[in-house]
Amino acid sequence: MIEVDYRFPPGVDAQKQAKVIAVGQTAGTWDARFAHREAVLSEHLGKVIGVETQTNTGYSIATVRFPETNVENDISSLLTMIFGKYSMAGAAKVVAVRLPRSYGLSPKFGISGIREKLGVFNRPLVMAIFKPALGLSAADHAGILKEVAYAGLDIIKDDEILGDLDTAPTLQRLKACRQVIDQVKQETGRTVLYAVNVTGNADKLIEKARLLVREGANALLLNVLSYGFSVLQALAADADVNVPIFTHPALAGALCAAPDHGMAYSVILGTFMAHGGADAVLYPAHYGSLPFDAVEEAKIKDSLRERNVFPVPSAGIHPGIVPKAIADYGNDVILNAGTGIMDHPSGAASGVKAFFEALARVEKKESFELQSLPDGALKLAVEKWGSDS
């Protein structure tokens, strides 16, 4: 069975609205014409299994149980059932969804598979974002990748707004960067993942992903909420797309940020991504540059890890927050930085080195106070961005 928690603000009759959801989002009502079908129809009805009002806030949480037989083992039909039409009915927010472990897809790679590809098993992974986001040529991308890859970077990704544009077509970017990846592998033995942003209309996107993989892409990036969970699941289920899929949270605020409408970030970026086939999921860190709730972040992390999906706290990440990130996440985390690497005062390679200096300093339990730092990449980063140690 599938259980969903709906939160209603004060003044809403939660028991009544939960009943509306349980019936209206499933079989609906029927009259005597369908009495002979009542037993079958009843099997499709949702059921209200509890309503609790919080005395300190006046908010109510109603839990509705849905039959799994009503949906197609995917996220799209699930969304339609649990909140489709009712999402337009007034103040109500989906704050938790509990799915059977077998529901949807598990990651092809996830934490263990990505670590195996990289040959890195005992520390957080460090990831960068190509910056500037737009206007660079394919050769520019390759030059940036060469700089950060030789500095020890594990993963790099396209910016989510970079599509298949004339200035740097996706296949050209990949071919230019693939030469660097191969060179680094040959000279150092290290693998660097490049998550290429896959875009396009639904009828072309899957074939484009297959082409990118055939041409050497070793990871993909997908804006799931822009293109749809069905696209994520199609990519994840495709035998020819045999590379990790990194998902971006673009558009999540439109679905999740309102206090009394939509769905919780932990549902969209945690539960649904984890059951949708993602291998690694980006989302804002509460100590980053976007407003985000630490409780929601922790729920996302737990939902992802439970299904072997890599958490990737992002947005405003820089070397000075490494102590806080490690305290929250331990080793199974990807530290994803754009400006926190690319805008380092001594260049992008030093931005990468600063992260590794920070990881070493955390491991030794050494202070991040500016006066205690030796001259080098980390000190310059802390001087620019500060620290949260």
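To be clear, the structure that these remarks concern was listed above.
Given the structure is predicted, the values throughout are model-derived calculations rather than measurements.

Considerations on the overall build of the chain
Scanning the chain from terminus to terminus reveals 16 helices and 13 strands. A compact globule built from 389 residues should have a C-alpha radius of gyration of about 21 Å, and the chain, at 23 Å, falls within 12% of that. Counting only C-alpha atoms and orienting by the principal axes, one finds that the chain spans roughly 80 × 50 × 35 Å. Residues classed as buried in the chain amount to 53% of the 389 residues present. Across the chain, every contact between residues at least 6 apart in sequence was considered, and the portion connecting residues at least 24 apart equals 74%. Carbon and sulfur atoms make up 51% of the accessible area of the chain, which amounts to about 16,500 Å² in all.

A few points about the sheet that holds strand β10 (residues 261-263)
With mixed pairing, the 5 strands of this open sheet are ordered in space as β2-β3-β1-β4-β10. The open sheet is flanked by β2 (47-53) and β10, the only strands paired with a single partner. Ignoring strand direction, the axes of neighbouring strands in this sheet form an average angle of 20 degrees. Pairing between strand β1 (residues 2-8) and strand β3 (residues 60-66): 7 bridges, direction antiparallel.

Some points on the packing of helix α3 (residues 75-83) against helix α9 (residues 229-237)
Running from N to C, α3 and α9 cross one another at 155 degrees; their axes reach a closest spacing of 8 Å. One finds that α3 runs roughly antiparallel with respect to α9. Residues Ile-75, Ser-76 and Leu-79 of α3 touch α9, and the partners they reach there are Phe-229, Ser-230 and Gln-233. Broken down by class, the residue content of the contact of α3 with α9 amounts to 3 nonpolar, 3 polar and no charged.

Some points on unusual backbone geometry
A negative phi holds for most residues other than glycine; trans holds for most peptide bonds. The omega torsion across Lys-131 and Pro-132 is 0 degrees, close enough to zero to call that bond cis. At Leu-251, a residue that is not glycine, the phi angle is positive and equals roughly 85 degrees. Its place among the elements puts Leu-251 in the loop between β9 (245-248) and α10 (252-256). Of note in the backbone geometry, Ala-315 takes a positive phi value of approximately 75 degrees without being a glycine. Its place among the elements puts Ala-315 in the loop between β12 (310-314) and α13 (322-329).

Focus on the sheet that holds strand β11 (residues 280-284)
In spatial order, the strands read β12-β11-β9-β8-β7-β6-β5-β13; together these 8 strands make up an open sheet with parallel pairing. This sheet does not close on itself; its edge strands, each paired only once, are β12 and β13 (334-337). Here the strands of the sheet are splayed against their neighbours by 25 degrees on average, with no regard to which way each runs. By the bridge criterion, 2 bridges tie β9 to β11 in an arrangement that is parallel.

The rules behind the values
Residues numbered from 1 in each chain as written. Predicted model: local features only at pLDDT ≥ 70, side-chain atom pairs only at ≥ 80, totals over all residues. Heavy atoms only, no water. Helix = DSSP H or I, 4+ residues; strand = E, 2+ residues; numbered from the N terminus. Rg over C-alpha atoms; globule rule 2.2 N^0.38 Å. Buried < 20%, exposed > 50% of the residue type's maximum accessible area, 1.4 Å probe, protein only. Contact = heavy atoms within 4.5 Å. Areas by Shrake-Rupley, 256 points an atom, 1.4 Å probe, with all protein chains shown as cover. Pairing = 2+ DSSP bridges. Axes fitted to C-alpha atoms, helices over the stretch in contact; angles between N-to-C directions. Parallel < 35°, antiparallel > 145°, perpendicular 65-115°, else oblique. Nonpolar A, V, L, I, M, F, W, Y, C, P; charged D, E, K, R; others polar.

All quantities given are derived from atomic positions and should not be read as evidence of function.
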